[in-house]
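# A look at the structure
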Amino acid sequence: MKENMSEDSNYRRYVDHDIHTHTHLSLCCHEAGIADTYIKDAEKRGLRILGFSDHMWDNKINYPLTDFYKAQDYEHIIQIKSEISEKTDKLKILIGAETEFCMADTLGISESCAEKLDFVLVPHSHTHMLDFVMPKEYDNNIEKHSDYLVKSFMALCRHPMRRYITAIAHPFVPICKKSDYCERIYEAISDNTFTECFDAARDANIGIEINTSWCRKLTHDQIAASGYMRVLKLAAKSGCKFSLGSDAHGLSELGTIEKAADIMQIIGITDRDFISLVK
Ligand SMILES: [Zn+2]
Ligand SMILES: [Zn+2]
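Read on for a plain summary of the structure.

The rules behind each value
Residues numbered from 1 in each chain as written. Chains lettered and ligands numbered in written order. Predicted model: local features only at pLDDT ≥ 70, side-chain atom pairs only at ≥ 80, totals over all residues. Buried ≥ 20, exposed ≤ 12 C-beta atoms within 10 Å, placed from the backbone. Helix = DSSP H or I, 4+ residues; strand = E, 2+ residues; numbered from the N terminus. Arc of directions from axis to C-beta. Contact = placed C-beta atoms within 7 Å.

## Some thoughts on helix α11 (residues 228–237)
Taken as a whole, α11 has its buried residues at Y228, V231, L232, L234 and A235. One face of α11 carries all of its buried residues, which in axial projection span an arc of 155°. The first or second residue beyond α11 is G239, which carries a positive phi of 85°.

What follows is the structure, encoded as structure tokens:
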């Protein structure tokens, strides 16, 4: 245990960015998330780069939208620029977005919109948005749900807009599911299939996000015991590049990024394995 802790603190030095954060501009924020307070927190934490990535659907993309996304277009999330008053020279601030990928087909951002942002995170596993992201009939069916995740991941890597995808957010983690459901999803996908997916991400130059929100309350040993470590190890073996993201939905969750040190140590990557945006 002691050994683990000292190794983790070594890996802590690689935790120098967080490019997945939600402010009050994301309607699902649990608490008031104000850009300036995030900046102060990131400075205190010694990060070099902080990225804002509120949920966004580009209104140029025609699709039957949920009320959640009708309200969160580019004009809405870009208000962040006028909200930042905190001056900082210690920290590089990036303005991006977390968009959406529906039915393994429709991406929620146009080329012209992506050009205006510093980075674009795309999830393929917001599969709790039933009949929007994933057909409802696949829910609670491990085989169909895991097949959908593989299909949607591959579709993103082959998408005509793939060069605009900075990283795939929380890859293969089905959102809003309990950990035993997630474990069954990971188990249902073979090493070979994961490797095909990650090879495709590597070839498309799409980053793999190390998202720390799922392990917020876990110890090092609990993280190490998760089947998700097999998933990320296979991504590393394929030679994928990574980005770090707390997926904080409020100030108190920004500290979750510290868990990235545990994950990096367990899967055996360093800052050399980061995507170029955060190097
Ligand atoms: Zn997400
Ligand atoms: Zn998010």
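## A look at the environment of C157
Within the fold, C157 resides in helix α7 (residues 142–157). Its 22 C-beta neighbours within 10 Å are what place C157 among the buried residues. Residues C157 and I206, 49 residues apart in the sequence, show an inter-C-alpha distance of 7.3 Å. The residues contacting C157, other than those within four sequence positions of it, are R162, A200, A201, A204 and I206.

## Examining unusual backbone geometry
Positive phi, close to 65°, is recorded for F172, a residue that is not glycine. Within the element layout of this structure, F172 appears in the loop between β7 (167–169) and α8 (179–188). Look at N205: it is not a glycine, yet its phi comes out positive at around 60°. One can find N205 in the loop between α9 (191–203) and β8 (207–211). For N205, a count of 15 C-beta atoms within 10 Å puts it in the partly exposed group.

Fair warning: the whole summary comes from geometry, so function is off the table for now.
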